[in-house]
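# Architecture at a glance
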Amino acid sequence: MAVTEAPKIVTARLGHDDSHTLERYLATGGYEGLRKALTMTPEAVAHEVDTASLLGRGGAGFPAGRKWAMLRKNPVTYLVVNGDESEPATFKDHLLVERDPHQLIEGVLIAAYALQVTQVFIFIRGEFALGLERVQAALNDAYAHGAVGGDIFGSGFSVDVVVHPGAGAYICGEETALLESLEGKRGFPRIKPPFFPAAIGLYGEPTVVNNVETMSNLPWIILNGGAAFAALGEGRSTGTRLFALAGHVVNPGVFELEMVKTTFNDLINDPALGGGIPHGRGLKAFIPGGVSAPWFGPDQIDLPLGQDEVGAAGSMLGSGSIVVMDDHTCAVRAAWRITKFFSRESCGQCTPCREGSGWLEKIMERIETGHGREQDIDLLLDACDNIAPGLTWPPQQTTICVLGPSIPSSIGSAIQMFRDEFLVHVKEGGCPYE
Amino acid sequence: MSDATTPVAAPRRGGQRATPAPSHLSPEILERARRTIALYPEPRSALIPLCHLAQEQDGWLTPEAMVDIAGLVGVTPTEVLGTASFYDMLHTEPVGTYVVAVCTNIACLLGGAADLLEHAEHSLGVNAGGTTADGVITLEEAECLADCDRTPCVQVNHRFVGAQTAESFDRLMAELRAGERGAEIPPHGTLNRVVRTTGLDADPGRVASERAAMAEAQAQRKAAAEAATTTSGAGPKAGGS
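Quick caveat: nothing in here was measured; it's all calculated off a predicted structure. (Residues numbered from 1 in each chain as written. Chains lettered and ligands numbered in written order. Predicted model: local features only at pLDDT ≥ 70, side-chain atom pairs only at ≥ 80, totals over all residues. Heavy atoms only, no water.)

## Regarding empty space enclosed by the protein
Going by this rule: Cavities and pockets were defined on a 1 Å grid built over protein atoms only: a cavity is a set of grid points that admits a 1.4 Å probe from which the probe cannot escape, a pocket is an open set flanked by protein on both sides within 12 Å along at least five of seven lines, and lining residues are those with an atom within 4 Å of any such point. Grid points are joined across faces, edges and corners, and a volume is the space filled by probe spheres set on the points. Residues are sorted three ways: Asp, Glu, Lys and Arg are charged, Ala, Val, Leu, Ile, Met, Phe, Trp, Tyr, Cys and Pro are nonpolar, and all the rest, Gly among them, are polar.
Taken as a whole and judged by the stated rule, the model has 2 cavities of 30 Å³ or more. By volume, the largest cavity is sized at about 80 Å³. Contributing to the lining of the largest cavity are Ile-171, Pro-189, Ser-346, Cys-347, Gln-349, Cys-350, Cys-353, Thr-399, Ile-400, Cys-401, Leu-403 and Gly-404 of chain A. Along the lines of polarity and charge, the residues of the lining of the largest cavity split into 8 nonpolar, 4 polar and no charged. In this structure, the second largest cavity encloses a volume near 60 Å³. Lining the second largest cavity are His-52, Gln-55, Met-89, Asn-157, His-158, Arg-159, Pro-187, His-188, Gly-189, Thr-190 and Leu-191 of chain B.

Spelled out as structure tokens, the structure:
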């Protein structure tokens, strides 16, 4: 099995019960990366991150170094950390925020120094009440330790970090919606262009928005060098990554694995990882990167966990969450629940998303509950085609943000892979799995 | 940027309507609200944190609290409602002392969440979205709460209580009613029990001077960057895909 001996970059401390405390953090090399960064020029720090080729861990996989480079032409005013993790079955940032808040803060401070930003906001999902408390407590301790605030560690660099609570809205994970929310407004994604908050961000000022896991990688990268990070993984997918494994596996959880070197088969079935599917059942399908991603069947289980590899196979590694469905799972019910989620979380700005998700959910419900018609399958595909024309991957954009075009993924996959199941629901007047 | 030394913002629209002094929020919550506003370059950014604070006082977001918040951040009460009504965690109608959220999204669905929610509805005697007759428990069907290795996932007042079976759920409800989980699970609305103790909000005068220094440093960097792009001949260009 291909579980490599790669170092644990962001989960090294999590074996300790007190991994969230300053004492444990300092005893395990904490804030050494920041101290080292402060002896370097900001450009040299940014260069290490560039060398590491660190891809953003939020879902889109945009290289952090390139995001920062846009700002060098246009000095950054704000750094905002996206900790609004809400993609269904994604629970890696939850772990990092609760269990290693100092690592996140140190990463944030390194980024702030590289970007020469003096004001940082860490946006944390409101439902993470313990996470909010842990990060605020860690910040209080970090201030007292001299790592945050004025003239940090005697370097002459000053930075303030504010923890901002979300209030429950999936769409605020979209970076422009997050900025609207941070400005005290409804979480409506902003019209593009501009495509990046680097041009017009918080309060109209140039802003960098990075994910929690992306930030948490920075202390290790600075201490060990970008080249050491880039030596892990393959191609564009460098370093390690957190994979959140959920659904029908013996050991669901978050696993830090070297990029590309491990396959979905390893992750799901290796005794040290997922441990296989319980009750001796077979694999029906799995979702490789959050519910916005098209599904894979058993024939794609040997694909490596790499951004480009999964992309070439017609889906995405996205947020790094893998949902396993065993062969007793109703594909219609699974796709219906995912569609219901999008329908509830659509912000309502764009008609294809707002209306489309609602109608899709209603049609899926009537099929699952035995009131469907045979032509409903084509009706579903037609509605999906109106949201994301052509049903291609990546999808065509008809809306302000990518929530809308993500809706057809699960329905399209379910129909493509399990059309017969839809027909059985219609003919038998109910769910055959009930 | 507003002057951070005066955290109570002036009314934004024409100044025809005088901002009434806050009359609903308690002095303690008001003080924390003012310190929160001071953390942000624009007072309106504190709107959602202030809604959380108001819920800490009342358990839900009352119309009276929204009037106070509007005055504190310099918007109209309707704008506060307009923002708050977008968010699942801000309750503009009363809720129980304990808001019990049962996730039924994909990972929990595969872990039996539909059965658990059905059980919860029967044993509590309310549909999802409803509050028990004694006003203690509000049941919610939640979207993914990001605790997907412990399914079906349940939160009480946004505190994770681990995977639940029908039996453990009933025990949990009994414990909540008996007040046995109070240390771990505060009443609804208390989101963050850790108050910011240090940093730039410690002294409003210092906030202002730090902010001025930051703005000056910013301007210097911008000037330096502009000088650099002029000498290299490349025009400044931001954004693009």
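## A word on the packing of helix 3 (residues 63-73) of chain B against helix 4 (residues 77-84) of chain B
All names here are of chain B. Here is the rule: Axis definition: a line fitted to C-alpha atoms, limited for helices to the stretch in contact. Angles are taken between N-to-C directions and run from 0 to 180 degrees. A run of DSSP states H or I qualifies as a helix once it reaches four residues; a run of E qualifies as a strand once it reaches two. Both are numbered from the N-terminal end. Under this scheme an angle from 65 to 115 degrees is roughly perpendicular, one under 35 degrees roughly parallel, and one over 145 degrees roughly antiparallel; angles in between are oblique. In this description, contact between two residues means that some pair of their heavy atoms is separated by no more than 4.5 Å.
Their axes nearest at 8 Å, the elements helix 3 and helix 4 cross at an angle of 110 degrees. Considering their axes alone, helix 3 and helix 4 lie roughly perpendicular with respect to each other. Note on element contacts: helix 4 touches helix 3 through Pro-77, Val-80 and Leu-81, opposite Met-66, Val-67, Ile-69 and Ala-70. Partitioning the contact of helix 3 with helix 4 into residue classes produces 7 nonpolar, no polar and no charged.

## A closer look at the environment of Asp-134 of chain B
Residues and elements named next belong to chain B. The line we're drawing: Accessibility here uses a 1.4 Å probe with only protein chains present; expressed as a share of the type maximum, an area under 20% marks a residue as buried, one over 50% as exposed, and anything in between as partly exposed. Any pair of N or O atoms that falls within 3.5 Å is considered a polar contact. Within protein, one atom must be able to donate a hydrogen and the other to accept it, and sequence-neighbouring residues count only if both atoms are side-chain atoms.
Relative to the elements of secondary structure, Asp-134 occurs in the loop between helix 6 (113-124) and strand 2 (137-142). Using a relative accessible area of 45% as the deciding quantity, one classes Asp-134 as partly exposed. Taking the C-alpha atoms as reference, Asp-134 lies 20 Å from Glu-56; in sequence the two are 78 residues apart. Polar side-chain contacts of Asp-134 include one of 3.1 Å to the backbone nitrogen of Val-136.

## Things to note about unusual backbone geometry
The peptide bond linking Lys-192 of chain A to Pro-193 of chain A adopts the cis configuration, its omega dihedral lying at -10 degrees. Checked against the element boundaries, Pro-193 of chain A lands in the loop between helix 8 (175-182) and strand 4 (207-211). In this structure, the amide linkage connecting Thr-151 of chain B to the following residue, Pro-152 of chain B, adopts the cis form with an omega of -5 degrees. Within the secondary structure, Pro-152 of chain B sits in the loop between strand 2 and strand 3 (153-156). Its identity as a non-glycine residue notwithstanding, Gln-116 of chain A has a phi of 55 degrees, on the positive side.

## Considering the nonpolar core
The cut-off we apply is this: By nonpolar core is meant a set of buried Ala, Val, Leu, Ile, Met, Phe, Trp, Tyr and Cys residues that side-chain atoms within 4.5 Å join together.
In terms of nonpolar packing, the biggest core is built from 166 residues, with Trp-68 and Trp-295 of chain A touching the most fellow members. Formed by 22 residues, the second largest nonpolar core is a distinct cluster that contains Met-259, Ile-268, Phe-286 and Val-310 of chain A.

## Some points on the sheet that holds strand 3 of chain B
Residue and element names in this part refer to chain B. Filter applied, for reference: At least two bridges found by DSSP between two strands is the condition for calling them paired.
Across the sheet, which stays open at both edges, the 4 strands sit in the order 2-1-3-4 with mixed pairing between neighbours. A strand with exactly one partner marks an edge of an open sheet, and here the two such strands are strand 2 and strand 4 (159-163). Neighbour-to-neighbour, the strand axes of this sheet turn through a mean angle of 25 degrees, independent of strand direction.

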